[in-house]
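So the chains spell out like this:
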Protein chains: 2
Amino acid sequence: MQIYINVKAARQNGDNMDRFSIAVAQSGGPTAAVNSSLAGVFRAASLCPAIDNIYGAINGIEGVIGDELADLRRIITSDEDISLLKTTPSTLLGSCRYKLPPKEQSGNDYIKIVNTLDKHNIRALFYIGGSGSMDAVVKLDEYFRAVGKDIRVIGIPKSSDNDIPVTDHCPGFGSAAKYAAASIQEITRDSRVYSTQSITVIETMGSRTGWLAASSCALHANGESAPHLIYIPEAGFSDEKYLHDTAEMIKHYRAVITAVSEGVCGSEISAAEHLERITAEKFGCKVRSVKLNVMQRCSSHISSLTDLDEAYDIGAAAIDAAKRGESGVMMAFRRIPGDQYRIEIFTEPAVNCVGRIKQFPAEWINEGKNGVTAEAVDYFLPLIKGEPVIRYENGIPVHFRATQ
Amino acid sequence: MQIYINVKAARQNGDNMDRFSIAVAQSGGPTAAVNSSLAGVFRAASLCPAIDNIYGAINGIEGVIGDELADLRRIITSDEDISLLKTTPSTLLGSCRYKLPPKEQSGNDYIKIVNTLDKHNIRALFYIGGSGSMDAVVKLDEYFRAVGKDIRVIGIPKSSDNDIPVTDHCPGFGSAAKYAAASIQEITRDSRVYSTQSITVIETMGSRTGWLAASSCALHANGESAPHLIYIPEAGFSDEKYLHDTAEMIKHYRAVITAVSEGVCGSEISAAEHLERITAEKFGCKVRSVKLNVMQRCSSHISSLTDLDEAYDIGAAAIDAAKRGESGVMMAFRRIPGDQYRIEIFTEPAVNCVGRIKQFPAEWINEGKNGVTAEAVDYFLPLIKGEPVIRYENGIPVHFRATQ
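Residues numbered from 1 in each chain as written. Chains lettered and ligands numbered in written order. Predicted model: local features only at pLDDT ≥ 70, side-chain atom pairs only at ≥ 80, totals over all residues. Heavy atoms only, no water.

**Student:** Explain the environment of Tyr-392 of chain A residue by residue, including any values.
**Tutor:** Checked against the element boundaries, Tyr-392 of chain A lands in strand S13 (residues 392–393). Between the C-alpha atoms of Tyr-392 of chain A and Thr-188 of chain A, which are 204 residues apart in sequence, the distance is 28 Å. Those residues in contact with Tyr-392 of chain A that sit more than four places away from it in its chain are His-301, Pro-397 and Val-398 of chain A together with Lys-178, Ile-302 and Glu-387 of chain B. (Helix = DSSP H or I, 4+ residues; strand = E, 2+ residues; numbered from the N terminus. Contact = heavy atoms within 4.5 Å.)

Given below as structure tokens:
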């Protein structure tokens, strides 16, 4: 079921189809690339003669249920708008955490959704979101098939945590990893200024998976010794082992830098605060903790061009998939083996992406369970490469704002 | 005592002086521009035929006391090195918080300092630091005069908090303000995605002064309504008034964004955590707090070109001041009145800069004590303008590293 991005072909083939409208929605937590996928969907759709209106549903599926649609052709009106949208963080269309009930329990939502889609002659719905959003893709596709509606539903993944299964990596992750690596490098410089011992614990996002903390190993490729320790949920964690590892690192480094996933001590305990406390108690030197917080997922000013371009491409490819008649699928990346980094885009039944998380591979965790292997560095490096051109006004990045 | 940056003149006039060496040191908390000032000192000195060796003292005055000097001509070896150093955060030479004792109490430090300087024929010492470091400039200058040593001591200001008196603004502040404004804008985008009410409290640095929190008003110049509330120590603060102001803002904004200085609730209480707690108790909606933390002072990847250039220029001008025979002075910026932003560099007796902090002007605080005036916006905007070219390798900014 592999497809390729083929915007020109989309334009030519469109003539063979009835004219219809489409809707696109964004769901789940924001990322720096989720608007780039929206831009890709919009651009590919706008080049397709068969597509009439391009609607943006406000606040994810809630906007479809409530018939709150924006006419995107009136909001995104130029190539410059598209370019600006690509580098604007978070979701232009808002988001939601609403979980569709099983169709047996409450048909009401589904009836409203069909009413909205019918009213606007919408025959394809593009849902940009995380694994939770893929659940909606599955349910809607099953419902439309059950009631005999030819409405195609395509999922477009996004996750700054990189935890969606099937796809090699998630749009939004590369930008988060780039911000984290750049910030950890800067904090490392900041931590080294004094002649006395210090320990800095930097907490990245990742409540269930350690991709973001692990990705800070990218600094090693540039000759940086930091981070000296990396802890992720997949490797297991104990205070004793952490304190032992830190004691070892103090022998070698005046300023020890440790990257930890927020979920490393479980969901109840703030990893940064807990580790700061036990480290200070044990070592009595200067200890501080820094949370990279939501800046990781929204810092478009230092986003990865590879990430933004791929996010755009996978959005555009979703239009092609719908035109080919696919539905109930999630778009995904596959890495093509070889020396050069290359990916292809394929589709996977969305049902295979729901209710599972992709963990950091056990074979990429080092023997000491406090770092990662060279294979992990090779995996991460291409994802953070490239810098988009950011437009500044008054010294501040310009964001796309809907003028409607 | 006004002087102008005149590197070419320095080269010509140098012939009239004996050959001598100089030393430069960095002190206090790091900033994104403190290496740019080092680059400016180095570059101007290297163009001056009278100057023999250019030493970098390791860890501030501690390096002079302990005769730990680096030969900067062997570390900074090309124009590319200078360019890279300008965009590398924190202090290449390390830093210290060591406070020189009064010379009456302990002459030992002073004797060691003179020994080091004499040993290396150092006749000028450049001290890049905050108001605490200017105390060392005063003491050393007084000591050298008292013992009949012709060793010139020049202070070069740096502060991400912008709290040094006399100078219009401090090198390092513009970059911190640019990072804060860009991050607050991104967090604002991130906060607006859901259809439900939320309140986000963003804590900036500034334990005693509110310059950084106040500078987030720059976003208003770009049409952003956020931050909706700004609290700084100079305006006074009470929980009651804060909760009242927030209740008002909720009427207008679904996602209320508030910027606060870390010192707004006093030095004992974390402003972010305290406000998050009382806000959640009062309003029961989604509340989160974000600390911009040390990233504010070290995020060179989004530094202000104006700031880096000015930091470089004021470092270069310090060489000129020493050549003119000045000592015991701090370099400073004066803003030239007029429509266009222009500054001049002058010198001020360092004694006038010690033991005082420059507070945010009362007349720039709005009537509600929860924001700032248009004059403040005009003050801040030029300081954050311009983006330096950042070199990337593997998707990560390249930092200057000493190869010695």
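**Student:** Tell me what's going on with the relation of the copies chain A and chain B, and back it up with residues and numbers.
**Tutor:** For the pair chain A and chain B, the best superposition has an RMSD of 0.0 Å and corresponds to a rotation of 180° with a translation of 0.0 Å parallel to the axis. Taken together, these values place the two copies in the relation of a two-fold axis. A shared interface surface links the copies, since 100% of the contact residues of chain A are contact residues in chain B too. (Least-squares fit on C-alpha atoms with pLDDT ≥ 70 in both.)

**Student:** Can you explain the pattern of salt bridges? Please cite residues and give values.
**Tutor:** Taken as a whole and judged by the stated rule, the model has 47 salt bridges over all chains. A salt bridge links Lys-119 of chain A to Asp-67 of chain A, with the shortest nitrogen-to-oxygen separation between them at 2.4 Å. Of this pair, Lys-119 of chain A sits in helix H6 (residues 107–119) while Asp-67 of chain A sits in the loop between helix H3 (61–65) and strand S4 (69–71), and the two are 52 residues apart along the sequence. Notably, a salt bridge pairs Asp-135 of chain A with Lys-99 of chain A, separated by 3.2 Å at the nearest N-O pair. Placement of Asp-135 of chain A in helix H7 (residues 131–146) and of Lys-99 of chain A in the loop between helix H5 (79–86) and H6 is noted, with a sequence separation of 36 residues between them. Since its relative accessible area comes to 11%, Asp-135 of chain A is described here as buried. Using a relative accessible area of 56% as the deciding quantity, one classes Lys-99 of chain A as exposed. Among the charged side chains, a network of salt bridges with common partners joins Arg-189, Arg-192 and Glu-224 of chain A together with Arg-401 of chain B. (Salt bridge = Lys/Arg side-chain N within 4 Å of Asp/Glu carboxyl O. Buried < 20%, exposed > 50% of the residue type's maximum accessible area, 1.4 Å probe, protein only.)

**Student:** Account for the side chain of Glu-348 of chain A, naming residues and giving values.
**Tutor:** All names here are of chain A. If you trace the backbone, Glu-348 turns up in strand S12 (residues 343–349). Of the side chains bearing the opposite charge, Arg-334 lies closest to the buried Glu-348, which forms no salt bridge; the N-O distance is 6.1 Å. A distance of 2.8 Å separates the side chain of Glu-348 from the side chain of Asn-352, its partner in a polar contact. Setting aside anything within four residues of it in sequence, one finds Glu-348 in contact with Val-166, Gly-328, Val-329, Met-330 and Cys-353. (Lys, Arg positive; Asp, Glu negative; His and termini not counted. Polar contact = N/O pair within 3.5 Å; in protein donor to acceptor, adjacent residues only side chain to side chain.)

**Student:** Explain the sheet that holds strand S2 (residues 51–57) of chain B to me, using residue names and the numbers behind them.
**Tutor:** Hydrogen bonding along the main chain pairs the strands of a sheet, whether they run parallel or antiparallel. Residues and elements named next belong to chain B. If you walk across this open sheet you meet the seven strands as S3-S2-S1-S4-S5-S10-S11, and the pairing is mixed. One side of each edge strand has no neighbouring strand; the edge strands of this open sheet are strand S3 (69–71) and strand S11 (343–349). Sheet twist, expressed as the mean angle between neighbouring strand axes with direction ignored, is 30°. Where strand S10 (residues 329–335) and S11 come together, seven bridges link them in antiparallel fashion. (Pairing = 2+ DSSP bridges. Axes fitted to C-alpha atoms, helices over the stretch in contact; angles between N-to-C directions.)

**Student:** Residue-level account of the pairing of strand S4 (residues 122–129) of chain B, with values.
**Tutor:** Residue and element names in this part refer to chain B. Of all eight residues making up S4, seven are buried, and the element is well covered by its neighbours. Here strand S1 (residues 20–26) pairs with S4 via six bridges, running parallel. Bridged to Ile-22 within S4 is Ala-124. Pairing of S4 with strand S5 (residues 152–157) involves six bridges; the strand directions are parallel. Directly across from Phe-126, in S5, lies its bridge partner Ile-154. Following the chain from S4 across helix H7 (residues 131–146) to the adjacent parallel S5, one finds a crossover that is right-handed. (Right-handed = clockwise from strand over helix to strand, strands pointing away.)

**Student:** Residues and numbers for the interface of chain A and chain B, please.
**Tutor:** Contact residues are listed per partner, giving 57 residues for chain A and 57 residues for chain B. In this assembly, chain A packs against chain B so that about 4,700 Å² is buried in total across both faces, 52% of it on carbon and sulfur atoms. For the interface between chain A and chain B, the tally reads four salt bridges. Taking the shortest distance from any N to any O, the salt bridge between Arg-401 of chain B and Glu-224 of chain A comes out at 2.6 Å. Counting across the chain A and chain B interface gives 34 residue pairs in polar contact (both at pLDDT 80 or more). Among the elements of the structure, helix H8 (173–191), strand S10 (286–291), helix H12 (295–298), S13 and strand S14 (396–397) of chain A are those that each provide at least two residues to the side of chain A that touches chain B. It is H8 of chain A that provides the largest number of residues to the side of chain A that touches chain B, a total of nine residues. Residues that form the side of chain A that touches chain B fall into these classes: 23 nonpolar, 20 polar and 14 charged. (Buried area = accessible area lost by both parts, 1.4 Å probe. Nonpolar A, V, L, I, M, F, W, Y, C, P; charged D, E, K, R; others polar.)

**Student:** Tell me about the packing of aromatic side chains, residues and numbers included.
**Tutor:** For the structure on display, the rule yields 26 aromatic pairs over all chains. Arranged with centres 5.7 Å apart and planes meeting at 70°, the rings of Tyr-231 of chain A and Tyr-242 of chain A form a pair that is edge-to-face. Here Tyr-231 of chain A, found in strand S8 (residues 229–231), pairs with Tyr-242 of chain A, found in helix H10 (residues 239–252); they are eleven residues apart in sequence, far enough to count as distant. Residue class for Tyr-231 of chain A comes out buried when judged on its relative accessible area of 2%. Look at Tyr-143 of chain B and Phe-144 of chain B: their rings are 6.3 Å apart centre to centre, the planes differ by 65°, and that puts the pair in the edge-to-face class. (Phe/Tyr/Trp six-rings, centres within 6.5 Å; stacked < 30°, edge-to-face > 60°.)

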